[in-house]
Amino acid sequence: MEQHYKLFRVRELADNDEDFIGALAQAFLEEVPEDAERLKKAVAEKDYYTAYQAAHKMKPTVDLFELGVLDILIEVQDWGKFEKRDLDITNQLEVVLNAVDLATNEIKSDFNL
């Protein structure tokens, strides 16, 4: 439990309300993997605007669940925002996607979702 994500800030936000914590975990599972897939597709297609939007949308939840990749996600976001055509963002994207996958699987297991 909590190997690839942390609940400290989630618990603080929820004031230790277990139902609310569960609802936040469910929201993570509904939103973040879908946004990560959209980000992956946007980077592959060099769709800078969509990459920026997806990364920007993911930031608060990735930060709240402390996946440990917020700074890297911001690099991917900025790649899209500033259309950094001369930068290969593939490695950073893979780090973010891997963190999301690991956290998603662990949250599903930990919360029986």
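Details of helix 3 (residues 48-64)
Between its first and last C-alpha atoms helix 3 spans 25 Å; for 17 residues at 1.5 Å apiece the expected length is 24 Å, and the two agree. Within helix 3, the axis deviates most sharply at Met58, by approximately 35 degrees, and proline Pro60 lies no more than four positions further along. Among the residues of helix 3, Tyr48, Thr50, Ala51, Ala54, Ala55, Met58, Lys59, Val62 and Leu64 are the ones counted as buried. On its buried face, helix 3 sits against helix 1 (8-14), helix 2 (18-44), helix 4 (70-81) and helix 5 (90-110).

Points about the packing of helix 2 against helix 3
It is the contact of helix 2 with helix 3, at a shortest axis distance of 8 Å, that shows an interaxial angle of 150 degrees. Taken together, the axes of helix 2 and helix 3 lie roughly antiparallel to each other. For helix 2 against helix 3, the interelement crossing comes out left-handed. Here Phe28, Glu31, Val32, Asp35, Ala36, Arg38, Leu39, Ala42 and Val43 of helix 2 come into contact with helix 3, specifically with Thr50, Ala51, Gln53, Ala54, Ala55, Lys57, Met58 and Thr61. Here the residues of the contact of helix 2 with helix 3 sort into 10 nonpolar, 3 polar and 4 charged.

Thoughts on the packing of helix 3 against helix 4
At a minimum axis separation of 7 Å, helix 3 and helix 4 run at an interaxial angle of 160 degrees. By the angle class used here, helix 3 and helix 4 are roughly antiparallel. Here helix 3 and helix 4 pass one another in a crossing that is left-handed. Here Tyr48, Ala51, Tyr52, Ala55, His56, Met58, Lys59, Val62 and Asp63 of helix 3 come into contact with helix 4, specifically with Leu70, Leu73, Ile74, Gln77, Trp79, Gly80 and Lys81. Of the residues contributing to the contact of helix 3 with helix 4, the split by class is 10 nonpolar, 3 polar and 3 charged.

Remarks on the side chain of Gln77
Tracing the backbone through its elements, the reader meets Gln77 in helix 4. Of the residues examined, Gln77 reaches a relative accessible area of 5% and is grouped as buried. Every residue in contact with Gln77, bar those within four places of it in the chain, is listed here: Tyr52, Ala55, His56 and Lys59.

Things to note about the environment of Lys6
Position of Lys6 among the secondary structure elements: in the segment before helix 1. Looking at Lys6, the relative accessible area reads 34%, which means it is partly exposed. Taking the C-alpha atoms as reference points, Lys6 and Ala27, separated by 21 residues in sequence, lie 15 Å from one another. The residues touching Lys6, leaving out its near neighbours within four places in the chain, are Leu64, Phe65 and Glu66. A distance of 3.0 Å separates the side chain of Lys6 from the backbone oxygen of Glu2, its partner in a polar contact.

Brief notes about helix 2
With 27 residues, helix 2 should cover 39 Å at 1.5 Å per step; its first-to-last C-alpha distance of 39 Å lies within 8% of that length. Of all the bends found along helix 2, the most pronounced is centred on Phe28 and spans about 25 degrees. Looking at helix 2, one finds that the buried residues are Ile21, Leu24, Ala25, Phe28, Leu29, Val32, Asp35, Ala36, Leu39, Ala42 and Val43. Residues of helix 2 that are buried make contact with helix 1, helix 3, helix 4 and helix 5.

Calculation rules
- Residues numbered from 1 in each chain as written.
- Predicted model: local features only at pLDDT ≥ 70, side-chain atom pairs only at ≥ 80, totals over all residues.
- Heavy atoms only, no water.
- Helix = DSSP H or I, 4+ residues; strand = E, 2+ residues; numbered from the N terminus.
- Expected span 1.5 Å × (residues − 1).
- Bend = angle between axes of the 7 residues up to and from the residue.
- Buried < 20%, exposed > 50% of the residue type's maximum accessible area, 1.4 Å probe, protein only.
- Contact = heavy atoms within 4.5 Å.
- Axes fitted to C-alpha atoms, helices over the stretch in contact; angles between N-to-C directions.
- Parallel < 35°, antiparallel > 145°, perpendicular 65-115°, else oblique.
- Left-handed = near helix turned anticlockwise from the far one by under 90°.
- Nonpolar A, V, L, I, M, F, W, Y, C, P; charged D, E, K, R; others polar.
- Polar contact = N/O pair within 3.5 Å; in protein donor to acceptor, adjacent residues only side chain to side chain.

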